[in-house]
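What follows is the residue order along each chain.
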Amino acid sequence: DPMRLRYADMERYLALSRVVTGEVMAATFAEWRRPRSTCRGALVWFLRDLWPGAGWGVFDASGGWKATARYLARAFAPLTVNVIDEGLNGLRVHLHNERESAFGGKLVFALHRGETAIARGEAEVALPARGSTVLDVAGLFPSFIDTTWAYRFGPPAHEVAVATLLDEAGRQVAEAFHFPEGLPNERRDDLGLEAKARPEPDGAFLLTVRAARLAQSVHLDVDGFDASDDYFHVAPGGARTVRLVPQKPGQTPRGVIEALNGRTPAKVTLET
């Protein structure tokens, strides 16, 4: 209940509010971006918030990046993957390549429960320049799985489905998540979250975030650095690498990362 949460736990209310606008916009544009969509454009109501707060602006009142901006940057990426819930027809993976050159790689689709991947399938993909394709998730597994939890044969077998697009060298290009029971809003004590920074020759740092369990909407709180991404999910047993650029030369990253579904932040440490 938003009103109850607002007065009972203001910090939690604000944390969820910062993320919900990004989740809503990303899901909406993913639906509209699919090849069969009849929508050919949309307006974002506010570019910048008029005053401090969660707001619907893409950037905050001071012009800084908000969660919404991060979600939209991923949603509008020229090479990306989206997972669309088709109800009784299962999940469909939509792959988009709006670059001038063709793309070849592999799609890995996994269903996770806790720290365990209960099912995994993969397929080779070839995307033409400025082209899209659709894959039916059912064809990636040898037997039927109720990936959308539409048939309600019992509790859902998995907590989250993760679609990962890899290039020919095995590098992660894009990732998309689907939650059969909807976005989780509870917090857990131990996600196995860690963040290690590695210096680069140009003075920047590569921050690798890992999690034993699903880490939802991970936020970086590292003062003095501009991050290439923020407010992203990390799959169970997975990792995400973010580039940190210092605002002043010679700075070393110090701070924490925090997942929306975790109770305890993880300290940023330097690789030795």
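Structural data are supplied above this passage.
Rules of the game
Residues numbered from 1 in each chain as written. Predicted model: local features only at pLDDT ≥ 70, side-chain atom pairs only at ≥ 80, totals over all residues. Heavy atoms only, no water. Helix = DSSP H or I, 4+ residues; strand = E, 2+ residues; numbered from the N terminus. Buried < 20%, exposed > 50% of the residue type's maximum accessible area, 1.4 Å probe, protein only. Contact = heavy atoms within 4.5 Å. Areas by Shrake-Rupley, 256 points an atom, 1.4 Å probe, with all protein chains shown as cover. Pairing = 2+ DSSP bridges. Axes fitted to C-alpha atoms, helices over the stretch in contact; angles between N-to-C directions. Parallel < 35°, antiparallel > 145°, perpendicular 65-115°, else oblique. Left-handed = near helix turned anticlockwise from the far one by under 90°. Nonpolar A, V, L, I, M, F, W, Y, C, P; charged D, E, K, R; others polar.

Draft legend 1. Up close: the overall build of the protein. Each helix and strand in the protein was counted, giving 3 helices and 17 strands. By principal-axis analysis of the C-alpha atoms, the protein measures approximately 50 × 50 × 40 Å. Relative to its 272 residues, the protein shows a buried fraction of 45%. Expressed as a percentage of contacts within the protein between residues at least 6 apart in sequence, the contacts between residues at least 24 apart total 56%. Accessible surface for the protein amounts to roughly 14900 Å². Of this, 52% is attributable to carbon and sulfur atoms.

Draft legend 2. Looking closely at helix α3 (residues 67-75). Counting buried residues along α3, 7 of its 9 residues qualify, which places the element largely inside the surrounding structure. All of the buried residues in α3 are A67, T68, A69, R70, Y71, L72 and A75. Those residues of α3 hidden inside the fold are in contact with α2 (10-33), β2 (57-59), β12 (215-222), β13 (225-227) and β14 (232-234).

Draft legend 3. Representation of the sheet that holds strand β8 (residues 160-167) in the model. Spatially, β6-β5-β8-β9 is the arrangement adopted by the 4 strands of the open sheet, whose pairing is antiparallel. At either margin of the open sheet sits one strand with a lone partner, and together these are β6 (116-127) and β9 (172-178). The mean inter-strand angle of the sheet, taken between neighbouring strand axes irrespective of direction, is 15°.

Draft legend 4. Inspection of the pairing of strand β4 (residues 91-97) at higher detail. The element β4 is extensively covered by neighbouring structure, given that 6 of its 7 residues are classed as buried. The pairing of strand β3 (residues 79-85) with β4 spans 7 bridges and is antiparallel. For V81, the partnering residue across the bridge sits in β4 and is L95. Bridge count for β4 against strand β7 (residues 131-136) is 6 bridges, and the pairing is antiparallel. Looking at the pairing, R92 lines up with D136 of β7.

Draft legend 5. Main features of the pairing of strand β17 (residues 266-270). Where strand β10 (residues 194-199) lies against β17, 3 bridges are found, and the strand directions are parallel. Looking at the pairing, A197 lines up with L270 of β17. By the bridge criterion, 2 bridges tie strand β16 (residues 255-258) to β17 in an arrangement that is antiparallel. Across the sheet, the residue bridging to V256 is K267, located in β17.

Draft legend 6. Representation of the packing of α2 against α3. Where α2 contacts α3, the axes come no closer than 8 Å and their chain directions differ by 20°. With respect to α3, the axis of α2 lies roughly parallel. For the element pair α2 and α3, the recorded crossing hand is right-handed. Contacts between α2 and α3 pair R18, V19, T21, G22, E23, M25, A26, F29 and R33 from the former with A67, T68, Y71, L72 and A75 from the latter. When grouped by side-chain class, the residues that make up the contact of α2 with α3 number 8 nonpolar, 3 polar and 3 charged.

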